[in-house]
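Okay, here's what each chain looks like letter by letter:
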Amino acid sequence: MKKPPFFLILLVVIISQHVHSQPAQLMRFVLQWPPTFCTQLNNAEQPGRCTEPILQHDFTLHGLWPSDSNGYPISCTDTSNPDWKQVFTKARETELQKFWPSLREREKPQKGVDWSLWKHEWRVHGVCGGAATTAGAIVYFDTAIKINAMIRKGNLFNYLKTNGIIACDSLAFTRKEMVDAIQKVFILPPPPPPPHAPPPPRAPPPPPPPPPPPPPNLNVYLSCYEFDSKNRTHVYLNEVSLCTDLAGTNFISCPSRAAPTSCSTGARIMLPHPKPQPQLRFVLQWPPTFCIELNSQRGKCKDPIPQDKFTLNGLWRADGQGKITTCQTTRPAPNWNQVFTGTRTNQLKTFWQPLKQNSQERDPWIEQWQLHGCIEEEAEKYFDTAIEINKMFKQGNLFEYLKTSGIIASDTSSYSKNAIVVAIQKVFDNNVPFNVYLTCFDPKIQGGFVYLKEVTLCTDFFGTSFLSCLPQPDEGIKTCSVTGAKIRLPLRKPQKILQEVTDGTYPMFE
C-alpha cells in the first residue's frame, strides 16, 4: 500500500493537535433520562444492568463537560489521582448523590456511595477545563452542584411535568413541545419587592403583579435513542444538555453547530418507563431425572452419578422479556488450558459435573460456554461467575435446603410444587419470596406424578445477588404444573431398571 506524503501526515497531526488544544469556552450540563440509559445498556452488544429500582421521576446528570466555542466537548485523558477523600467530603458527596448517582450496577458490591462515575467524568472531561489537582477537582464538582441549584424546581422533569409532558409508554411529544418546556428553566425569578411604608388609610389597592416574562430563547441540546429500527415514528428521549458559562453561574445558549440530530428526524419523542432488565439464570438439575430422561432417548449416563445433590446444567443469559439468549456466531475457542487452571477446575467440578456416559470433565463447561458464554475475552469471567453464584448457597447445595424442609429423594414420596418452591426460597436472605423456575419430566406412568428435572434461580448480571426471575414464555416451566400432579425427586436406578422406568413396566408403578 502506498504511503501518504509526509506533508499530509504533518498536516493531519497539526490539525489534530489544534482541535484537541482548543480552550474551553462553556460548560455542558448533560442530563440523562435513566429508563432510556438502562434500555440502551440492556441492549448493548455486551449488555449490562442498571441498579434497581431505576429512577423514573428524575433526570440524573451524565456529566459536566467543558466544551469549545462550537459546543463540542473537550475530552482528555488524565491518570492522576487527587485526594478523593478530600474532594468527596460527606457534605459534597451527599449533594452530588442527589442528582448525579451512578446508574450502572456494580460488578463488586461495596459499602457506601459509588464514586467511580464521578472519577471517570473528572478524568475524561473535568480536568480539561481546570487543573489536574485536588483543588481543581473540588472546583469542578462544586460547579456541578451550583448549576444543579439553578434548576429551581429541583429537577428538569418537574418542568416537563408541569407542561403536560410525562413519563408514559403510550404518549409522545414533539421536539418543540419538549424544548418549550425545558426553556422555562431559564426564567429568572422576580426581584423581591422593595421595602415600603404601610399604605395610608383608604389607599387604593396595589396593582396586580405583571405577568412573568417569556423564557429566554436559549438553545438546548436534545439527543434521542432509536429503540426499534422498524419504528420510524417514535424515539426515546435520551439526554438534555443545558449550557452555561465556564464558571457555571449563568445559563447561555448552546451553540447550534454541535447540536445532535437524533431528535430532529420528525419522530415524536417519548419518556419511557423502566423496562425489565436482563438476568443470569443459574440452572441446576437433579441428576437421576436427567438420566431417566436421557435413557428414554436411548442415551446413557455415567455410573455412578450423584443422587444427594443438584449439579449445574448451565449459566444462561435471559433478556428483559425472560427469553434465553444464545450466542449468535461461532467464535474461536479460548486457550482452555489457560481458562481451566487447577484452582478453577477444582472449584467447578464440585458442582458442575459431566453426567453423560463417555463425556469428559470439561465437556459440559465448554458446551455451555459455546451456547451462552458468547464473549471470548470473558471465558474466565463466565466460569468464575458460576463459581461465585454457587458460593451463595450457604448450606452448600440446593438439596440441603430441601432436606431441611422435609423434602427428600425417594421413589415413593411426592410433594406439591408450592412446598418445593417455599423450601428453595430459603436460599435467599430473609426468605424473600423471589420467583424461581421448576422444570419437570413426565415419565407418563401411572401414579399422577412428575419428576423434578431442573431448578432455576436468577441473579444480576455479575452474579452477586439473587433476583426474582422474570416471567418466562418457555413452555418448559409448565411441566411441573400438570393438573393434580405431585413432584418427586427420584433416586438413581441401575441401567436395566432405568429402561423399565421409561417403558412404564417397573413393578413399583403398577
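Before reading further, recall that the structure is shown in the block above.
As the structure is a prediction and not an experimental result, all values here were calculated from the model.

A. Quick look at the overall build of the protein chain. For the protein chain, the helix and strand inventory stands at 16 helices and 13 strands. Partitioning the intrachain contacts of the protein chain with sequence separation of at least 6 by distance along the chain shows that 76% fall at a separation of at least 24. When the accessible surface of the protein chain is totalled, it reaches about 26,600 Å², and 56% of it is carbon and sulfur.

B. Broad picture of the pattern of salt bridges. On inspection of all chains with the given rule, the structure shows 13 salt bridges. Between E400 and K403 there is a salt bridge, with its nearest N and O atoms 3.5 Å apart. Here E400 and its partner K403 are both found in helix α14 (residues 398-404), 3 residues apart, which amounts to about one turn of the helix. Residue class for E400 comes out partly exposed when judged on its relative accessible area of 27%. Classification of K403 as partly exposed rests on a relative accessible area of 39%.

C. The arrangement of unusual backbone geometry in detail. For the peptide bond that leads from E52 to P53, omega is 0°, which places it in the cis range. Along the chain, P53 falls in the loop between α2 (34-42) and β2 (60-67). Residues D303 and P304 are joined by a peptide bond in cis, for which omega reads 5°. Within the fold, P304 resides in the loop between α9 (287-296) and β8 (311-318). Despite not being glycine, R298 has its phi angle at roughly 70°, a positive value. By the element assignment, R298 lies in the loop between α9 and β8.

D. Up close: the layout of surface pockets. For the second largest pocket, the calculated volume is near 440 Å³. If you go around the second largest pocket, you meet 20 residues; those closest to its centre are Q285, F290, N313, K356 and E367. Contributions of two or more residues to the lining of the second largest pocket are made by α9, β8, α12 (363-373) and β11 (449-459). Examining the composition of the lining of the second largest pocket, we find that 4 residues originate from one element, α12, more than from any other. For the lining of the second largest pocket, the per-class residue count stands at 8 nonpolar, 6 polar and 6 charged.

E. Expanded view of the packing of α12 against helix α13 (residues 379-391). Taken N-terminus to C-terminus, the directions of α12 and α13 make an angle of 110°; their axes are 11 Å apart at the nearest point. Viewed along their axes, α12 and α13 adopt a mutual orientation that is roughly perpendicular. Across the interface between the two elements, W365, Q368, W369, H372 and G373 of α12 pack against A379, Y382 and F383 of α13. A class-by-class count of the residues in the contact of α12 with α13 yields 5 nonpolar, 3 polar and no charged.

F. View of the environment of K119. Along the polypeptide, K119 turns up in helix α5 (residues 116-124). What K119 contacts, discounting residues up to four positions off in sequence, is W84 and F88.

G. Region of the structure containing the packing of aromatic side chains. Summed over the entire model, instances satisfying the criterion amount to 28 aromatic pairs. By way of ring pairs, the aromatic residues W84, F88, W100, W115, W118, W122, Y140 and F141 are connected into one cluster. Lying across the ring of F449, R488 places its NZ or CZ 3.6 Å from the centre.

About the criteria used
Residues numbered from 1 in each chain as written. Predicted model: local features only at pLDDT ≥ 70, side-chain atom pairs only at ≥ 80, totals over all residues. Heavy atoms only, no water. Helix = DSSP H or I, 4+ residues; strand = E, 2+ residues; numbered from the N terminus. Contact = heavy atoms within 4.5 Å. Areas by Shrake-Rupley, 256 points an atom, 1.4 Å probe, with all protein chains shown as cover. Salt bridge = Lys/Arg side-chain N within 4 Å of Asp/Glu carboxyl O. Buried < 20%, exposed > 50% of the residue type's maximum accessible area, 1.4 Å probe, protein only. 1 Å grid on protein atoms, 1.4 Å probe; cavity = no way out; pocket = protein on both sides within 12 Å on 5 of 7 lines; lining within 4 Å. Points joined across faces, edges and corners; volume = space filled by probe spheres on them. Nonpolar A, V, L, I, M, F, W, Y, C, P; charged D, E, K, R; others polar. Axes fitted to C-alpha atoms, helices over the stretch in contact; angles between N-to-C directions. Parallel < 35°, antiparallel > 145°, perpendicular 65-115°, else oblique. Phe/Tyr/Trp six-rings, centres within 6.5 Å; stacked < 30°, edge-to-face > 60°. Lys NZ or Arg CZ within 6 Å of the ring centre and 35° of its normal.

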